[in-house]
Amino acid sequence: MSLIYPRDSLKAHPLNATPAYGSTVKRAPSKPLILLPHTLSETTGPVFGHTGVAAGDSDLTRQHQGEPLGERIIVSGRVLDEDGRPVPHTLVEIWQANAGGRYVHVRDQHPAPLDPNFTGAGRALTDAEGRYRFVTIKPGAYPWRNHHNAWRPAHIHFSLFGPSFLSRVITQMYFPGDPLFKYDPIFQSVTDERARERLISRFDLGTTEPEWALGYTFDIVLRGRNATPVEEPHDH
Amino acid sequence: MTTETQARQAAGPDFGITPSQTIGPFFAYALTPRAYGGPELATEQVAGEGVEGERIRIEGHVYDGDGAVVIDAMIEIWQADARGRFNTSGNAGFSGFGRAEATAEGGFHFETIRPGAIEGPGGTMQAPHLSVSVFARGILVRLATRIYFEGEPGNAADPVLALVPAERRETLIAKRDENGVYRFDIRLQGEGETAFFAA
Ligand SMILES: [Fe+2]
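Residues numbered from 1 in each chain as written. Chains lettered and ligands numbered in written order. Predicted model: local features only at pLDDT ≥ 70, side-chain atom pairs only at ≥ 80, totals over all residues. Heavy atoms only, no water.

Looking up chain B in an unreviewed UniProt entry gives the name Protocatechuate 3,4-dioxygenase, with the organism given as Bosea vaviloviae. Of the comments in the UniProt record for chain B, the one headed Sequence similarities (unreviewed entry) reads "Belongs to the intradiol ring-cleavage dioxygenase family." (UniProt positions renumbered as here; feature names shortened; annotations may be inferred.)

The name an unreviewed UniProt entry gives chain A is Protocatechuate 3,4-dioxygenase, with Bosea vaviloviae as the organism. If you open the UniProt record of chain A and go to Sequence similarities (unreviewed entry), you find "Belongs to the intradiol ring-cleavage dioxygenase family."

So, the overall build of chain A: which residues are in play, and what are the values?
The secondary structure content of chain A amounts to 2 helices and 14 strands. Counting across all 236 residues of chain A, residues that qualify as buried make up 55%. Expressed as a percentage of contacts within chain A between residues at least 6 apart in sequence, the contacts between residues at least 24 apart total 71%. Entry remark: accessible area of chain A is about 11000 Å², with carbon and sulfur atoms responsible for 56%. With 25 positive and 26 negative side-chain charges, chain A shows a separation of 9 Å between the mean positions of the two kinds. (Helix = DSSP H or I, 4+ residues; strand = E, 2+ residues; numbered from the N terminus. Buried < 20%, exposed > 50% of the residue type's maximum accessible area, 1.4 Å probe, protein only. Contact = heavy atoms within 4.5 Å. Areas by Shrake-Rupley, 256 points an atom, 1.4 Å probe, with all protein chains shown as cover. Lys, Arg positive; Asp, Glu negative; His and termini not counted. Charge placed at Lys NZ, Arg CZ, Asp CG, Glu CD.)

Help me get a handle on the overall build of chain B, residues and values and all.
Secondary structure summary: chain B contains 2 helices and 13 strands in total. Its C-alpha atoms give chain B principal-axis dimensions of roughly 60 × 45 × 40 Å. Scored against the burial criterion, the 199 residues of chain B give a buried share of 58%. Carbon and sulfur atoms provide 50% of the accessible area of chain B, an area that totals close to 7600 Å². Separation of charge centres in chain B, based on 17 positive and 27 negative side chains, amounts to 3 Å.

Break down the packing of aromatic side chains for me, citing the residues and quoting the values.
Under the criterion given, the structure shown has 20 aromatic pairs over all chains. Ring plane angle 75° and centroid distance 5.2 Å describe the contact between Tyr103 of chain A and Tyr142 of chain A, whose orientation is recorded as edge-to-face. Placement of the pair is Tyr103 of chain A in the loop between β4 (91-96) and β5 (121-125) and Tyr142 of chain A in strand β7 (residues 142-144), with a sequence separation of 39 residues. For the pair Tyr103 of chain A and Tyr142 of chain A, one class covers both residues: buried. The rings of Tyr103 and Tyr142 of chain A together with Phe26, Tyr29 and Tyr36 of chain B are connected pair by pair, giving a single aromatic cluster. Its end group placed over the ring of Phe161 of chain A, Arg168 of chain A keeps NZ or CZ at 4.0 Å from the ring centre. (Phe/Tyr/Trp six-rings, centres within 6.5 Å; stacked < 30°, edge-to-face > 60°. Lys NZ or Arg CZ within 6 Å of the ring centre and 35° of its normal.)

Kindly report on the coordination of the iron ion, identifying the contributing residues and their values.
Six octahedral donors around a metal ideally sit at 90 or 180 degrees from one another, while four tetrahedral donors ideally sit at 109.5 degrees. All names here are of chain A. Looking at the iron ion, one finds its protein donor set to be Tyr103 (OH), Tyr142 (OH), His155 (NE2) and His157 (NE2), positioned 1.9 to 2.2 Å from the metal centre. Relative to the metal, the 4 donor atoms surrounding the iron ion lie at angles of 91 to 165°, and the coordination shape comes out irregular. For the iron ion, all donor residues lie on one chain, and their spacing in sequence is Y-x38-Y-x12-H-x1-H. According to the relative accessible area criterion, His155 is buried, its value standing at 1%. (Donors = N, O, S within 2.8 Å, 3.2 Å for Na, K, Ca; no water. Tetrahedral: all angles 85-135°; square planar, octahedral: opposite > 155°, others 65-115°.)

Residue-level account of the UniProt feature "domain: Intradiol ring-cleavage dioxygenases" (unreviewed entry) in chain A, with values.
In this structure's numbering, the residues bearing the UniProt feature "domain: Intradiol ring-cleavage dioxygenases" (unreviewed entry) are residues 75-103 of chain A. Within residues 75-103 of chain A, the helical portion is 0% and the strand portion 41%, while the C-alpha atoms at the span's ends are 19 Å from each other.

Shown next, in the form of structure tokens:
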């Protein structure tokens, strides 16, 4: 199937120049972006088969000898294109802080304990219907130095490829009802309210497993639309 | 009713793409996890031994608007093979995709082969190039750029380079140093700012 990539869709993204997020001030380009035609270089992209994903990569609670501390959760959803069609067999990478809000990363200085049973990195391939599923623990909120008393709402980082260079995206998934949303310049960098809501997962009793783990659903919509929508015959 | 309409109704009224967010400072243990002993999806080795084509090495640093080296960026490249083909199944050891962390110690580098020319819009030919994505703390939407190569005769007629203001074109052209290494620095802002694309 051949895809097109309407540029209007890009309006959902934040501007790189978002001064309330201090790190953008010296890192956002100052000159206008140049409109890039969508050539073969852009409409193709890497394909990751099962070689990129090992069994167990999608269960972040079973990567060590013991179980991590924290609230066990199931994060699942579908990866879709802009027509709502599933994006099958595409790679989803995630990473996150532990239940105390601490990352394994060597430069994370937040004085919360590391959990010897939690790394916080996972990978999955979507199935034929675009579905993915991770088992993990709910990450904690954590402080950062953007401004006085700055705290990030709990989030899981997501990295996706989709079918081409144009569908490549890195984003963050948030949890419903977080009181930190209104103070977080990264979440608020998405200025369109409806687009911002697409970053928030939904609590889902349907994927919640009794006596085991709460379920959160997070559908991800990547760029790409069918170039030639097919009319189905009417039945009347 | 079209399947598209059905799909949109199923997806609800607020259908649209998922917005981008920053990669943040702490991605390395997941995306470029060599130092953590984690499994690497892709590395700076884009072409293994025996892959057809001229082997090249690209080295560079990422700089911010103050000229300070950015030590928490991830660079990805995507490229054609030596014959200008993408996703060829018969080219073992070559994926066309590379991923590297830019670090305080050494910036970033890639080991690959020089890609072939590929067709461009309207019957034009694009000079050999790599597609580049730059992610870092403070970058909310990945920055897209291209690496072209000094001395390529096709550069003059490249339809994408032609869209870049003449005085900024040089920022997209990797220069060969005395050791044969292509140098390509990425300047996010200010003096010598790299030309970035709206893809
Ligand atoms: Fe984070």
